[in-house]
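Spelled out, the chains give:
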Amino acid sequence: MQYSHIQRSSRKFGAGLHTTVVEVGPRDGLQNEARVLTPDDKIALIERCVAAGTRRVEAVSFVNPERVPQMAGAEEVMAGVPRRDGIAYSGLVLNRRGLDRALDARVDEVNVVVPASDTFSVRNQGTTVAEMLDAWDGIAAAADDAGVPATMTIAVAFGCPFEGDTPPERIEYIARRAHAASEIALADTIGVGVPAQVRDLTRRAREAAPGIPLRFHFHNTRNTGYANALMAVDEGVTVLDASAGGFGGCPFAPAATGNIATEDLLYALHRSGHDTGIDMESTARTGMWLAERLGVPAPSLLGRAGGFPASPPER
């Protein structure tokens, strides 16, 4: 099945190309923060992102709120998001119960996380990798029956906080099992990857799952996230995750700090000749707004330094 909001083309890095930035701040950006935002604040965050030009948003997570209280109120959030043509909202699901909730809430796509290490999978999701792959098969089939695309995110694809380096052959195996996916995302969940790994995993995943578009999800824990993102683009990847303000992390992974910041990524892409359709300065203001709501400084830099060349003052 073809889904219009998921791109299937691969293009080389250069001027005049389009890169889709998926805003994951409302989900991954909030799940590890001490302050829990209200559904109204989450809706306001999404509205700001959409107003800036974002067209794909990971809006909510349909997980047990007792395990991740920051993700409570998913149905309320989905009931309040702006519904417009060309805007797609995804929800994270880990099992059939989560899928049922997501479909009832009218998500546009579901995102299923399959970790690449058993230790992380058990701690994060209470299942082994093999069990999660079996769950994926059922979720993907049911989502397809409902006409909703299912994307697979392979977590700890670059390295696991408990098992160390992730063997690239394991990514190949999981990607082959993702044959029903509308898109595969490779996630550097704890921010240990480097550009050489991005190049290697991109080529391995394409060989293992030909024809399925790739997306990347980077964290900037060790200051390699933006270099990794540009390497992915150089390899022809056209979809990247990012989080307004640079917030994010995994509550079940030690020292897992923020995602690459949407506004900082936009600066790198726009200055490199790529169009995203997203207003960089508006997104930077959203990052600072979110920092105020969370009561912590934003990891992003653009909100402090500003763009270049500097914009003329508003009149």
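Residues numbered from 1 in each chain as written. Predicted model: local features only at pLDDT ≥ 70, side-chain atom pairs only at ≥ 80, totals over all residues. Heavy atoms only, no water.

### Things to note about the pairing of strand S9 (residues 183–188)
Next up, step 1: Taken across its six residues, S9 has six buried, putting it largely inside the fold.
Next up, step 2: On S9, burial covers both faces: Glu-183, Ala-185 and Ala-187 on one face and Ile-184, Leu-186 and Asp-188 on the other are all buried.
Next up, step 3: Pairing between strand S6 (residues 150–155) and S9: four bridges, direction parallel. The residue of S9 that forms the bridge with Thr-153 is Ala-185.
Next up, step 4: Where S9 and strand S10 (residues 214–218) come together, five bridges link them in parallel fashion. Note that in S10 the partner of Ala-187 across the bridge is His-217.
Next up, step 5: Read as a crossover between parallel neighbours, the route from S9 over helix H8 (residues 195–208) to S10 is right-handed. (Buried < 20%, exposed > 50% of the residue type's maximum accessible area, 1.4 Å probe, protein only. Helix = DSSP H or I, 4+ residues; strand = E, 2+ residues; numbered from the N terminus. Pairing = 2+ DSSP bridges. Right-handed = clockwise from strand over helix to strand, strands pointing away.)

### Thoughts on the confidence of the model for the protein
Next up, step 1: Mean pLDDT over the protein works out to 93, with 94% of the residues at or above the 70 mark.
Next up, step 2: The low-confidence segment residues 7–13 (pLDDT under 50) makes 28 contacts with residues lying over four places distant or belonging to another chain. (pLDDT = per-residue confidence, 0-100. Contact = heavy atoms within 4.5 Å.)

### Some details on the side chain of Glu-109
Next up, step 1: Locating Glu-109 in the fold gives a position in strand S5 (residues 109–115).
Next up, step 2: For Glu-109, a relative accessible area of 3% corresponds to the buried category.
Next up, step 3: At a separation of 3.0 Å, a polar atom in the side chain of Glu-109 contacts the side chain of Arg-56. (Polar contact = N/O pair within 3.5 Å; in protein donor to acceptor, adjacent residues only side chain to side chain.)

### With respect to the environment of Ala-232
Next up, step 1: One can find Ala-232 in helix H9 (residues 225–234).
Next up, step 2: As for Ala-232 and Ala-196, which are separated by 36 residues in sequence, their C-alpha atoms are 10.0 Å apart.
Next up, step 3: If near-sequence neighbours (up to four positions away) are discounted, Ala-232 is found in contact with Val-198, Phe-216, Phe-218, Val-237 and Leu-240.

### Concerning H9
Two residues of an α-helix separated by three or four positions point the same way, owing to the 3.6 residues in each turn.
Next up, step 1: The complete set of buried residues in H9 reads Gly-225, Asn-228, Ala-229, Met-231, Ala-232 and Val-233.
Next up, step 2: Of the surrounding secondary structure, the elements contacted by the buried residues of H9 are S9, H8, S10, strand S11 (239–242), helix H10 (262–271) and strand S12 (274–275).
Next up, step 3: Following H9 by one or two positions, Gly-236 adopts a phi angle in the positive range, close to 95°.

### Focus on the packing of aromatic side chains
The way to describe two aromatic rings as a pair is by their centre distance and the angle between their planes.
Next up, step 1: Scanning the model with the defined rule gives three aromatic pairs in all.
Next up, step 2: Here the aromatic rings of Phe-158 and Phe-216 are separated by 6.5 Å at their centres, their planes lie at 55°, and the arrangement is tilted. On the criterion of sequence distance, the pair formed by Phe-158 in the loop between S6 and strand S7 (159–160) and Phe-216 in strand S10 is long-range, its members being 58 residues apart.
Next up, step 3: With relative accessibility at 1%, the residue Phe-158 sits in the buried group.
Next up, step 4: When its relative accessible area of 0% is taken as the criterion, Phe-216 is described as buried.
Next up, step 5: Summarising the aromatic geometry, the rings of Phe-216 and Phe-218 are spaced 5.2 Å apart at their centres and angled 5° between planes, so their arrangement reads as stacked.
Next up, step 6: With relative accessibility at 1%, the residue Phe-218 sits in the buried group.
Next up, step 7: Members of the aromatic cluster, joined through ring pairs, are Phe-158, Phe-216 and Phe-218.
Next up, step 8: Looking at Arg-123, its charged tip hangs above the ring of Phe-162, at a distance of 4.1 Å from the centre. (Phe/Tyr/Trp six-rings, centres within 6.5 Å; stacked < 30°, edge-to-face > 60°. Lys NZ or Arg CZ within 6 Å of the ring centre and 35° of its normal.)

### A look at the packing of helix H6 (residues 129–145) against helix H7 (residues 168–177)
Next up, step 1: The interhelical angle for the contact between H6 and H7, taken along N-to-C directions, is 25°, at an axis separation of 10 Å. Taken together, the axis directions place H6 and H7 in an arrangement best described as roughly parallel. As for how H6 packs across H7, the hand of that crossing is right-handed. Where H6 approaches H7, its residues Val-129, Leu-133, Asp-134, Trp-136 and Asp-137 are matched on the opposing element by Tyr-173, Ile-174 and Arg-177.
Next up, step 2: Its residues assigned to classes, the contact of H6 with H7 shows five nonpolar, no polar and three charged. (Axes fitted to C-alpha atoms, helices over the stretch in contact; angles between N-to-C directions. Parallel < 35°, antiparallel > 145°, perpendicular 65-115°, else oblique. Left-handed = near helix turned anticlockwise from the far one by under 90°. Nonpolar A, V, L, I, M, F, W, Y, C, P; charged D, E, K, R; others polar.)

### A word on the environment of Asp-40
Next up, step 1: Relative to the helices and strands, Asp-40 resides in helix H2 (residues 39–51).
Next up, step 2: Taking the C-alpha atoms as reference points, Asp-40 and Cys-250, 210 residues apart in sequence, are found 23 Å from one another.

### Brief notes about the environment of Val-63
Next up, step 1: When you line up the elements, Val-63 lands in the loop between strand S3 (56–61) and helix H3 (74–80).
Next up, step 2: In sequence terms Val-63 and Leu-92 are 29 residues apart; their C-alpha atoms lie 7.6 Å from each other.

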